[in-house]
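Observations on the three-dimensional arrangement
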Amino acid sequence: QVQLVESGGGLVQAGGSLRLSCAASGRTFSTYTMDWFRQAPGKERDFVAAISGSVGSTYYADSVKGRFTISRDNAKNTVYLQMNSLKPEDTAIYYCAAGWGQTVRGMIFWGQGTQVTVSS
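Only a predicted model underlies this, so the values are computations on that prediction, with no experimental measurement involved.

Parameters at a glance
- In every chain, residue numbers begin from 1 and rise along the written sequence.
- Only residues with pLDDT of 70 or above have their local features reported here, since the model is predicted, and side-chain atom pairs are shown and tallied only from 80 upward, although totals for entire chains, interfaces and linings are computed over all residues.
- In computing side-chain values, all of the structure's heavy atoms are included and hydrogens and water are not.
- Helix and strand definitions here come from DSSP, where helices need a minimum of 4 consecutive H or I residues and strands a minimum of 2 consecutive E residues; each element is numbered from the N-terminal end.
- The quantity called the radius of gyration is restricted to C-alpha atoms. Its globule counterpart is 2.2 Å times the number of residues to the power 0.38.
- Burial classes follow relative accessibility: with a 1.4 Å probe on protein chains only, a residue under 20% of its type's maximum area counts as buried, one over 50% as exposed, and anything between as partly exposed.
- Surface accessibility in these figures is a Shrake-Rupley result with a 1.4 Å probe; residues are shielded only by whichever protein chains are displayed.
- By the counting scheme adopted, Arg and Lys are positive, Glu and Asp are negative, and His together with the chain ends is not counted.
- A charged residue contributes its charge at one atom only: NZ of Lys, CZ of Arg, CG of Asp or CD of Glu.
- We treat two strands as partners when DSSP finds at least two bridges between them.
- The angle between two axes is taken between their N-to-C directions and runs from 0 to 180 degrees, where each axis is a line fitted to C-alpha atoms and a helix contributes only its stretch in contact.

1. Here's the deal with the overall build of the protein chain
Within the protein chain, the regular secondary structure consists of 0 helices and 11 strands. For the protein chain, the N- to C-terminal ordering of α and β elements is β-β-β-β-β-β-β-β-β-β-β. Computed over the C-alpha atoms, the radius of gyration of the protein chain is 13 Å, within 12% of the 14 Å expected from 2.2 N^0.38 for a compact globule of 120 residues. Considered along the principal axes of its C-alpha atoms, the protein chain spans approximately 40 × 25 × 25 Å. Put simply, the protein chain has 120 residues, and 45% of those count as buried. Entry remark: accessible area of the protein chain is about 6200 Å², with carbon and sulfur atoms responsible for 48%. Counting 11 positive and 8 negative side-chain charges, the protein chain places the centres of these two groups 4 Å from one another.

Right under this line is the structure:
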C-alpha cells in the first residue's frame, strides 16, 4: 500500500517559485505513475503533471507547460513539483496521487494536499 504526504506549499509573490514534495511509502512506489493535481475553491480537481514509474516519461497540463517540472527520486521515494513563474491563477490546493494515467479516476492513492497561494 502506498501512503503519500505533501509538503512545501505556502504564500509566494507572482513570478516567484516554489518546490512541492511528495513523500511516499510503499515497496512498489516505482511501479505507479505519480501525478500532481490541483483544486481551487468551487472548481473541479484538475490535472497538473505526471511522471511514469517505468520509462519516467513526463506529462503536463497546457496551463503549466514551460513553468512547472515534475521529477521523482525512487531511491528516496519522493516526487517533486518545481513551480516557476507562478501566477495568481495557480492558487489552489495541490494534491499528490499515485495510480495510472492522468485522470482523477485512475488514481488509487491520494495525499492530503498542500495549499499554494500566489499573490499579485
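2. Considering the sheet that holds strand β8 (residues 78–83)
Taken in spatial order, the 4 strands make up an open sheet running β1-β3-β8-β7, and their pairing is antiparallel. In this open sheet, the two strands that pair with only one neighbour each are β1 (3–7) and β7 (68–73). Neighbour to neighbour, the strand axes of the sheet diverge by 15° on average, direction disregarded. As paired elements, strand β3 (residues 18–25) and β8 share 6 bridges and run antiparallel to each other. Counted as the bridge partner of R19 is Q82 from β8.

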